[in-house]
Amino acid sequence: MRARFPDFRLGSVLATSFTGTLTERRGNAVERIPTPHRLVDWLTVNGLAVESCTTAQLERAWELREAIHAAATAAATQDALPASAVQVINDCSTQGRAAAILTPEGDRRWQLSSASCVEDALGVIAADAISIIAGERDGKLALCASPTCQAAFFDTSQSRTRKWCDMNTCGNRQKKARFNANQRKSPPAM
Ligand SMILES: [Zn+2]
């Protein structure tokens, strides 16, 4: 399944994986869920499969995503949470009616109230955002060190010193940039 969607950044934290569907926010931003169909794909990969999605539901998803981004960024920088963002997150959380289901294998699965209820999926994402912004989970919100990204991510490393939202993209690019800078500084090899 993952190989079918190579351009989604999949993290272990649902809420920040969701904010990661808009990448390079401080550079040339890339929208990875530009159409309802792409949102359906993203939800499917993240265990929140829906059968369909309307344009209005996609717009609501974007609104929630930007609210989570704003609130998580404020939490990471220890600023006051923007009231409008808190309102959107809470509205999405209260409107969702997904149920947590324990499978016989001992896994958690989300059951939506209907196959087209994107609002239920957004409710799960909003609740996930609330749990990390409220500091209920083991980890710390931080901002990506890449100047063209600065995405909020949830650092669960032991030392809480993770610098990049994603090692494969932002982390790698920084490493390459530093390598190239060092190459230029050192004298040409004979
Ligand atoms: Zn980043």
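From a predicted model like this one, the values you see are computed outputs, not experimental measurements. (Residues numbered from 1 in each chain as written. Predicted model: local features only at pLDDT ≥ 70, side-chain atom pairs only at ≥ 80, totals over all residues.)

(A) Spotlight on the overall build of the protein chain. Looking only at helices and strands, one finds six helices and six strands in the protein chain. From first element to last, N terminus to C terminus, the protein chain shows the α and β order α-β-β-α-α-α-β-β-α-β-β-α. Each principal axis of the C-alpha distribution contributes one length, and for the protein chain these read about 70 × 40 × 35 Å. Across the protein chain, every contact between residues at least 6 apart in sequence was considered, and the portion connecting residues at least 24 apart equals 54%. (Helix = DSSP H or I, 4+ residues; strand = E, 2+ residues; numbered from the N terminus. Contact = placed C-beta atoms within 7 Å.)

(B) Representation of the packing of helix α3 (residues 55-76) against helix α4 (residues 83-95). Closest axis-to-axis distance for the α3/α4 pair is 8 Å, and the angle between their directions is 130°. By the angle between their axes, α3 is oblique relative to α4. Helix-helix and strand crossings are classified by hand; for α3 and α4 the assignment is left-handed. Every residue of α4 that contacts α3 at Glu63, Leu64, Ala67, Ile68, Ala70 and Ala71 is listed here: Ala85, Val86, Val88, Ile89 and Cys92. Split by residue class, the contact of α3 with α4 holds 10 nonpolar, no polar and one charged. (Axes fitted to C-alpha atoms, helices over the stretch in contact; angles between N-to-C directions. Parallel < 35°, antiparallel > 145°, perpendicular 65-115°, else oblique. Left-handed = near helix turned anticlockwise from the far one by under 90°. Nonpolar A, V, L, I, M, F, W, Y, C, P; charged D, E, K, R; others polar.)

(C) Quick peek at α4. Along its 13 residues, α4 runs 18 Å from first to last C-alpha, staying within 8% of the 18 Å computed at 1.5 Å per residue. Inspection of α4 places Ala85, Val88, Ile89 and Cys92 among the buried residues, and these make up the whole buried set. For α4, the angular spread of buried residues about the axis comes to 95°, placing them on one side. With respect to the buried face of α4, the exposed residues turned more than 90 degrees away are Ala83, Gln87 and Thr94. For α4, the secondary structure elements touched by its buried residues are α3 and α5 (118-133). (Expected span 1.5 Å × (residues − 1). Buried ≥ 20, exposed ≤ 12 C-beta atoms within 10 Å, placed from the backbone. Arc of directions from axis to C-beta.)

(D) Layout of the UniProt feature "domain: Zinc finger CGNR" (unreviewed entry) in the protein chain. According to UniProt, the "domain: Zinc finger CGNR" (unreviewed entry) feature falls on residues 141-181. Overall, residues 141-181 shows 37% helix and 17% strand. The separation of its end C-alpha atoms is 30 Å. (UniProt positions renumbered as here; feature names shortened; annotations may be inferred.)

(E) Looking closely at the nonpolar core. Ranked by internal contacts, the top residues of the largest apolar core, which has 46 residues, are Leu64 and Ile89. Elements with a minimum of two residues in this core: α1 (14-19), α2 (36-45), α3, α4, α5, β5 (140-143) and β6 (152-155). Leaving out residues up to four positions away in the same chain, Ile89 has contacts with Leu64, Ala67, Ile68, Ala71, Ala126, Ala129 and Ile130. (Core = buried A, V, L, I, M, F, W, Y, C linked by C-beta atoms within 7 Å.)

(F) The environment of Leu143, seen in detail. Take Leu143: it is sitting in strand β5. Among the residues examined, Leu143 registers 16 C-beta atoms within 10 Å and is labelled partly exposed. On a C-alpha basis, the gap between Leu143 and Val86 in space is 19 Å, while along the polypeptide they are 57 residues apart. In this view, Leu143 contacts Thr73, Ala76, Gln150 and Ala152; residues no more than four positions away in its chain are not counted.

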